[in-house]
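Here is how the chains run, residue by residue.
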Amino acid sequence: MDNDGPSRTALITAYARAYHQIADRPQIFTDPLAARLLGVTAEDLAEFSTPTTGHLGDRVSERPRRLFFAARARFAEDAVATAIAAGVRQVVILGAGLDTFAYRNPLPDVRVFEVDHPATQAWKRERLIAAGIDLPETLTFVPVDFETDTLAAGLESAGFKRTDPAVFVWLGVVFYLTPNAAHATLEYIAGQAQPVEVVFDYLRPADSDEDRAHQQARADRLAGVGEPVFSYFTPDDIAAQLRALGFTDLEDHSAPDLLTRYLDGSEEFGGEPPSALRAIRILRASR
């Protein structure tokens, strides 16, 4: 990624979330701060409805992809709400990007830790100031460059309590890590005091020539902007790894299933999902 600003994928996700607020009905995920954080208006976002050759506009205007981004965010925040209702008071957002949960969190006793690359985090903080979005006392930024730092050290220095329950949200990140790096993070999460949950998405390897061509084209585009894909998992393989770490109560949803869940049969999402091979999983560690 660019060490002078946010990752390209973080921007695409944020713009898609903002555009979803004005373009899609029924609305899956409500985020009143998305456009404000980006510094764009409804009129600016409406331009995505017209044909464009720009990489950002093309990705954001793809309705199936945009709806999936909304659905995975909704799924994650629903899981966080359930954990908080059960008494969890620590929320860790790994690869936070331009996520806005911390600024919409109304509970003064729920601490939110945003973990991200220092460059993305610095740019986000500038945008928060420019947008006039206050930093809540419940938020702690945790800059971590995984080339030189570790998640454990970063969270420990930020005041995260390893002996208290927590819920981790880890969206749009796993595929950019090596399998070993992804496993190491899951191993760290599994060692948290119980109960602990993690919500993340991952990519399944393609199982047809058409899907392989689509997957390779997407990987080539991402590599071209400096964010190559490093890992794919089959559901069986990753489930075996997770159970070995002590995770139980596994939920796994394909992109079409997740979209159908939130559209509730009221409307088709149209076309193919952004990646029918992508799934989302929630796990609860139990030892």
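This text gives an overview of the structure that appears in the document. (Residues numbered from 1 in each chain as written. Predicted model: local features only at pLDDT ≥ 70, side-chain atom pairs only at ≥ 80, totals over all residues. Heavy atoms only, no water.)

### With respect to the environment of Asp-134
Note on placement: Asp-134 falls in the loop between helix H7 (118–131) and strand S3 (139–143). What makes Asp-134 exposed here is its relative accessible area of 65%. Sequence separation between Asp-134 and Tyr-103 is 31 residues, and the spatial gap between their C-alpha atoms is 7.5 Å. (Helix = DSSP H or I, 4+ residues; strand = E, 2+ residues; numbered from the N terminus. Buried < 20%, exposed > 50% of the residue type's maximum accessible area, 1.4 Å probe, protein only.)

### As for helix H12 (residues 255–263)
For H12, the set of buried residues is Ala-255, Leu-258, Leu-259, Tyr-262 and Leu-263. Take H12 and look down its axis: the buried residues cluster within an arc of 125°, on one side only. In this structure Ser-254 caps H12, since a side-chain oxygen of it lies 3.2 Å from the backbone nitrogen of Asp-257. One or two positions beyond H12, positive phi appears at Asp-264, with a value near 55°. (Arc of directions from axis to C-beta. Polar contact = N/O pair within 3.5 Å; in protein donor to acceptor, adjacent residues only side chain to side chain.)

### A few points about the nonpolar core
Of all hydrophobic cores here, the largest spans 54 residues; its most connected members are Tyr-15, Ile-28, Leu-38, Leu-45, Val-91 and Tyr-103. Counting 29 residues, the second largest nonpolar core, distinct from the first, contains Val-173, Leu-186, Val-196 and Phe-233. (Core = buried A, V, L, I, M, F, W, Y, C linked by side-chain atoms within 4.5 Å.)

### Re the side chain of Asp-145
By secondary structure assignment, the location of Asp-145 is in the loop between S3 and helix H8 (151–157). Buried charge Asp-145 goes without a salt bridge, the closest partner of opposite sign being Arg-125 at 16 Å. In this view, Asp-145 contacts His-117 and Pro-118; residues no more than four positions away in its chain are not counted. (Lys, Arg positive; Asp, Glu negative; His and termini not counted. Salt bridge = Lys/Arg side-chain N within 4 Å of Asp/Glu carboxyl O. Contact = heavy atoms within 4.5 Å.)

### Here's the deal with the packing of helix H1 (residues 8–23) against helix H5 (residues 63–85)
Contact geometry of H1 with H5 gives a least axis separation of 9 Å together with a crossing angle of 95°. Put simply, H1 runs roughly perpendicular to H5. Two secondary-structure elements touch here, H1 through Ile-12, Thr-13, Ala-16, Tyr-19, His-20 and Ala-23 and H5 through Arg-66, Leu-67, Phe-69, Ala-70 and Arg-72. In the contact of H1 with H5, the residues fall into 7 nonpolar, 2 polar and 2 charged. (Axes fitted to C-alpha atoms, helices over the stretch in contact; angles between N-to-C directions. Parallel < 35°, antiparallel > 145°, perpendicular 65-115°, else oblique. Nonpolar A, V, L, I, M, F, W, Y, C, P; charged D, E, K, R; others polar.)

### So, the pairing of strand S2 (residues 111–116)
Across the 6 residues of S2, 5 count as buried, placing the element largely inside the fold. Here strand S1 (residues 90–94) runs beside S2; their pairing, made up of 5 bridges, is parallel. Among the inter-strand pairings, Gln-90 is bridged to a residue of S2, identified as Arg-111. Bridge analysis of S2 against S3 gives 5 bridges, and the strand direction is parallel. (Pairing = 2+ DSSP bridges.)

### Some words on the side chain of Asp-201
Locating Asp-201 in the fold gives a position in strand S5 (residues 196–203). Given the relative accessible area of 0%, Asp-201 is considered buried. There is a polar contact of 2.6 Å between the side chain of Asp-201 and the side chain of Arg-72.

### Thoughts on unusual backbone geometry
Of note, the bond from Arg-25 into Pro-26 is cis; its omega dihedral lies within 30 degrees of zero at 0°. By the secondary structure assignment, Pro-26 is in the loop between H1 and helix H2 (34–38). Between Gln-194 and the following residue, Pro-195, the backbone shows a cis peptide bond with an omega angle of -5°. With respect to the helices and strands, the residue Pro-195 is situated in the loop between helix H9 (179–190) and S5. Residues other than glycine seldom take positive phi values, yet Asp-249 does so here, at roughly 55°. By the element assignment, Asp-249 lies in strand S6 (residues 247–254).

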